[in-house]
Amino acid sequence: MLALVLYAVRKTIAREALVGWLQAHGIAADAQVEAVGLSDVIGAVRLGDPAKPDFTVERAVVHYGFKDWSLDVTSVALRRPVLRARLHDGKPTLGALDPLIEEFSRKPPRPGATKPRIEIDGATLLLATDYGPMRINASGRLEGGRLMRLEGASAPARLQGPGFDLGLGAAAFRLRTDAERLSLGLDAPVPKAAAWGVSVDRGQLNLNADLPYPDLRSRRSDGAVALRASLTGGQIAGGGQSLVDARLSAAFTGLAAGWIPDLALTGRGVADLRAASGTFAGGQAGTLKAAAVADDLRWTRKGGDAVSATVKLTGAADGVAISNLRLQSLTAAALGPVRAGSGGPSLRLTASASGHGAWIGLGAPASGDPAEIAAVKRAARGFRFTAPAVSLAARGGLMDVALQQPVRLQPDRGGLVSLGAEGRGYRLTSAGGGLPTADVDVTRFTLVPGGALAAGRIRAALPMGPLQQGTLDAAGTLRLVQGAVSFVGDRCAAIEASRLTLGANDLTGLSGRLCPAGRPLFTFDRGDWRIAGRSAAVAAEAPFLQARLSGIGGPVTFGQARGQLDAQLILDRGEVADAAPDLRFRPLRITGEASLAREVWTGQFVASDAAGRSLGRAVLHQDLGSGIGRVDVDTGLLAFDAAGLQPTQLSPLAAAIGSPVQGAARFVGGFAWTPAGSTSGGRLSVPRLDFVSPAGRVVGLSGEVTLASLTPLVTAPGQRLRADSLAGPVVLTDLSAGVALDEKALHFAGGDAALGGGRVRLVSLDLPLVGGPPVRGVLDVDGVQVRELVKASPFGERVDLDAKLSGRLPFEAQGEKVRVTGGNLRAIQPGRLSIRLAPAASPASGAPEPAPPPPDTFTDFAYQAMENLAFDTLDASVDSRPDGQLGILFHVVGRHDPPTRQVLAVSWLDLIRRTFMNRKLPLPSGTGVNLTLDTTLNLDDLLKDYADYQRLKGSPPVQR
């Protein structure tokens, strides 16, 4: 009877036993028993919250028997089981099943217990992860404790996390066990994926693996593993970072992590990547091919997931465009160990690459480009490159690059650029094919996101924009990121150039230093470039000004933006010196600023002397487009005084007016140029100048002189200056003269002055502007009364001359020597001449007087005639002699005219005896005289004495 009762309630007993046992383990559960037999149980099970159970089985069939007086399960069949699981921080949880799994994992299997055969049909896994939910449908079979078959599919899902967004299509997976081998397969569409700057559109992931079945008891598996993965699809986009990340991989490996913490697998892996086209951050590509082979792939879980292998990588791409870089073809290969684990990825590869490409950032050569710039542009638009052996080492997010062999870049138009290892750094050289010659020592090279940093020294023949045949010597750090280049200097860079092209006013022979001023010395980005810093010790020649610049210093910015040059130059200091063959002005200090905008140069500069006195202002304006420009100069009114500024301090040409100078002057003028040529000119205004010249004191010099050219200095026709007086050996008043200046001499002509009731006219006077030629001139004398001139002369004590003279005196002067050639003078009316002879010298005291010489009657008559001569005609020829003496040959026709009438009385007896010859006889008045007198004058000594007198007269008083 009891047996019948137990059989009748067997379903209830089985249900209550199962539910009670589960509840005893703290698991909310419910079960429905469909049938209970002597060898099987059929029913349904629910575990967990009834509203949202963790595990359900629609129909479960358990076959069992008895072995060694114990229940022994031989098979289990589960139909449409549903399991809810969660993956958080890489660790899986199964909700209500966790206590059972923990208990079973602590108990070793019963010795001799049968390993049941488990069949699963239509299972559903609802997996909640930190990145999004997944739904997986599967069926499988386990025999003898081994998973023999597992197949199924996952529903489309989207996983999102920090730095990635992964969209998966309906993926199919499969697993088969054959003897000791386990084969895996996965086919997963990837409609959309993006991770850390990389994205995939319409991709397909295929994974195949062949590996030994893992021994979970030893938790180690060694043997051959064949792993093949391929990703093919439409578009791939990225920024150069790996799609693999520890956080993402945990989503796929974490299910095993809770139960197999130190699993190890070794084997072989193969991965392929193909795409018809691709885009990535900053660029795009056409066909992409890549492959990776690892013969020693190893996956370990002890201490965290880690994958390592010696990887052989190959790849090729066509139509790659990264910013301004275009690669028509690219092939690459790499070999070396790679590891990815909890400490991040690391690698040590030896790589090679080659291809053909172009850099379009410089643009096409333009008609106005200098030859060097055009050559660089041509070279950049087509070149081949080879990198035979490059070492790549990455760890901790940083990558080091070392060149085992030089990288070579060969432009299609010729030339060579080479980058190779040099000591502890690198050396880059370029030459040939019209390229600038460069030699760069790189002491440090570092890859950074999107580019690289290089520190070192560069010595290059480097033209840039308007700089022609330029050379550069600089040290600092070059930064190349996203196609943009910048150079930050460690010190001042030495720059030289044969020419700075600024239109018609080019500068030549440029040299100087460009020093850092808180920003990069040089930047280049998308065809735009800029030089910025502080100039120092800059020197150059300005041919259009015939001037030399030196000691220039101040802030400088100079560059090109959107094809337009712009500049800002500030001169804190500088000097301008005359470079003309004949010196025109003394060195000047200059300050000011200039700027270039919209192809127009503008600027203002102030000039001063060594004492800091302002000497004027210059204004620059030039239109580069039309080639028309000008520099306007205005000195303002310059005041001169003996204790201050003097004209000779401004220009050696002012030596012609002597010194010291009191008064004022002003110059207004400048330079102008067009494509057809250049002109210059100006106006010198002299309100009044008083000065002491070598010829005497000049008072009231005034006038305006128009200059038709400044290079060389040339005056316009018809210029005149006047002076109130010239106080020389004689006083000249009301002076006026024409003035002309050319590149060889200063010319005076047509000047005249009042003198002795007549006029002295300056027919010509040529003052050379360079040493060598003498001063040449011609004076015309017209009716000048010379009485006072003779009295003021050195022989005025012995000679009186009352005569009005006219004539011409051509002369030359060099230094303090004056020579007269072919001069002549003549009296224009009767006059008088008196030459008093010096008395005989008295004998020394106590000495006897010598006997008087016998009288010479005819000589005495001549002396008497010269002492009192009234002439009707007087002619004089004036010529200098080789010894410096001034020779004057007088021819005088007149009569003896003493103040008291003289009569000669001689008796017949004296006449017969001739005794009258032995005594002094008076020359009768009215005696006719026809006298030729040849005399000399030491003119050199007289002029030297006069010049010394003038210098003493003009010197400042001696301080006591």
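This one's a predicted model, so the numbers in the text were calculated from it and none came from an experiment. (Residues numbered from 1 in each chain as written. Predicted model: local features only at pLDDT ≥ 70, side-chain atom pairs only at ≥ 80, totals over all residues. Heavy atoms only, no water.)

**Details of the overall build of the protein**
- Counting its regular elements, the protein contains nine helices and 59 strands.
- Every one of the 960 residues in the protein was classed for burial, and the buried ones make up 38%.
- Counting contacts in the protein only where the partners sit at least 6 residues apart, residues at least 24 apart contribute 51% of the total.
- A total accessible area of about 51200 Å² is found for the protein, and carbon and sulfur atoms account for 59% of it. (Helix = DSSP H or I, 4+ residues; strand = E, 2+ residues; numbered from the N terminus. Buried < 20%, exposed > 50% of the residue type's maximum accessible area, 1.4 Å probe, protein only. Contact = heavy atoms within 4.5 Å. Areas by Shrake-Rupley, 256 points an atom, 1.4 Å probe, with all protein chains shown as cover.)

**A short note on the environment of D54**
- Checked against the element boundaries, D54 lands in the loop between β2 (40-47) and β3 (55-67).
- Taking the C-alpha atoms as reference points, D54 and G95, separated by 41 residues in sequence, lie 6.0 Å from one another.
- Residues contacting D54, with those up to four places away along its chain left out, are L47, G48, V82, L83, R84, L94, G95 and A96.

**Observations concerning the nonpolar core**
- Core analysis: the biggest nonpolar cluster contains 108 residues, and F640, F748, L801, L833 and F871 have the highest contact counts within it.
- Not counting residues within four places of it along the chain, the set of residues in contact with F871 comprises L801, D802, A803, A827, Q829, P830, G831, R832, L833, V892, V893 and G894. (Core = buried A, V, L, I, M, F, W, Y, C linked by side-chain atoms within 4.5 Å.)

**Observations concerning unusual backbone geometry**
- Although it is not a glycine, A537 sits at a positive phi angle of roughly 55°.
- Tracing the backbone shows A537 in strand β34 (residues 528-542).
- Residue A537 is classed as partly exposed on the basis of its relative accessible area, which comes to 43%.
- Not every positive phi belongs to a glycine, and E599 is a case in point at roughly 65°.
- As for its position among the elements, E599 is in the loop between β38 (588-597) and β39 (600-608).

**Overview of the side chain of D506**
- Looking at where D506 falls in the secondary structure, it is placed in the loop between β31 (493-500) and β32 (507-515).
- A polar contact is formed between the side chain of D506 and the side chain of R499, at a distance of 3.3 Å.
- Other than its neighbours up to four places away in sequence, D506 contacts R499, L500, T501, E541, A542, P543 and F544. (Polar contact = N/O pair within 3.5 Å; in protein donor to acceptor, adjacent residues only side chain to side chain.)

**Side note on the pairing of strand β35 (residues 547-561)**
- Bridge count for β34 against β35 is 11 bridges, and the pairing is antiparallel. Directly across from E541, in β35, lies its bridge partner R548.
- The antiparallel hairpin formed by β34 and β35 contains four residues in its connecting segment, where Q546 sits at a positive phi of about 50°.
- Pairing geometry for β35 and strand β37 (residues 573-578), over five bridges, is antiparallel. (Pairing = 2+ DSSP bridges.)

**What to know about the confidence of the model for the protein**
- Here the protein shows a mean pLDDT of 77. Residues at 70 or above account for 75%.
- Ranking the elements of the protein by mean pLDDT puts helix α4 (residues 246-257) last, at 32, and strand β23 (residues 407-411) first, at 93.
- Scored below 50 in pLDDT, residues 1-9 shows one contact in the model against residues more than four places distant or in partner chains.
- Taken together, the stretch residues 955-960 has pLDDT below 50 and engages in zero contacts with residues farther than four places along the chain or on a different chain. (pLDDT = per-residue confidence, 0-100.)

**Here we look at the side chain of S702**
- By secondary structure assignment, the location of S702 is in strand β45 (residues 696-710).
- A relative accessible area of 15% places S702 in the buried class.
- Discounting residues that sit within four places of it in the chain, S702 has contacts with V686, P687, L721 and R722.

**Quick look at the environment of A29**
- With respect to the secondary-structure elements, A29 resides in strand β1 (residues 29-36).
- Sequence separation between A29 and P53 is 24 residues; the distance between their C-alpha atoms is 8.9 Å.

**Considering the pattern of salt bridges**
- Under the counting rule described, the total for this entry stands at 35 salt bridges.
- A salt bridge links R59 to E34; its shortest N-O distance comes to 3.5 Å. Within this pair, whereas R59 is found in strand β3, its partner E34 is found in strand β1, the two being separated by 25 residues in sequence.
- Residues D572 and R534 are paired through a salt bridge, measuring 2.4 Å at the closest nitrogen-oxygen approach. With D572 in the loop between β36 (564-571) and β37 and R534 in strand β34, this residue pair connects regions lying 38 residues apart in the sequence.
- What emerges from the salt-bridge pattern is a single network uniting R117, E119, R141, E143, R149, E151 and R176. (Salt bridge = Lys/Arg side-chain N within 4 Å of Asp/Glu carboxyl O.)

**Focus on the environment of G414**
- Looking at the secondary structure, you find G414 in the loop between β23 and β24 (416-422).
- With a relative accessible area of 24%, G414 lands in the partly exposed category.
- Linking G414 and G432, residues 18 residues apart in sequence, is a C-alpha distance of 6.6 Å.

**Let's talk about the pairing of strand β7 (residues 132-143)**
- With 10 bridges joining them, strand β6 (residues 117-129) and β7 adopt antiparallel strand pairing. Within β7, the residue paired with T129 across the bridge is G132.
- As consecutive antiparallel partners, β6 and β7 are separated by two residues.
- For β7 and strand β8 (residues 146-154), the ladder comprises eight bridges, and the chain directions are antiparallel. Note on β8: the bridge partner recorded for A138 is G152.
- Connecting β7 to the antiparallel partner β8 that follows it, the hairpin turn spans two residues, and G144 within it adopts a positive phi of roughly 60°.

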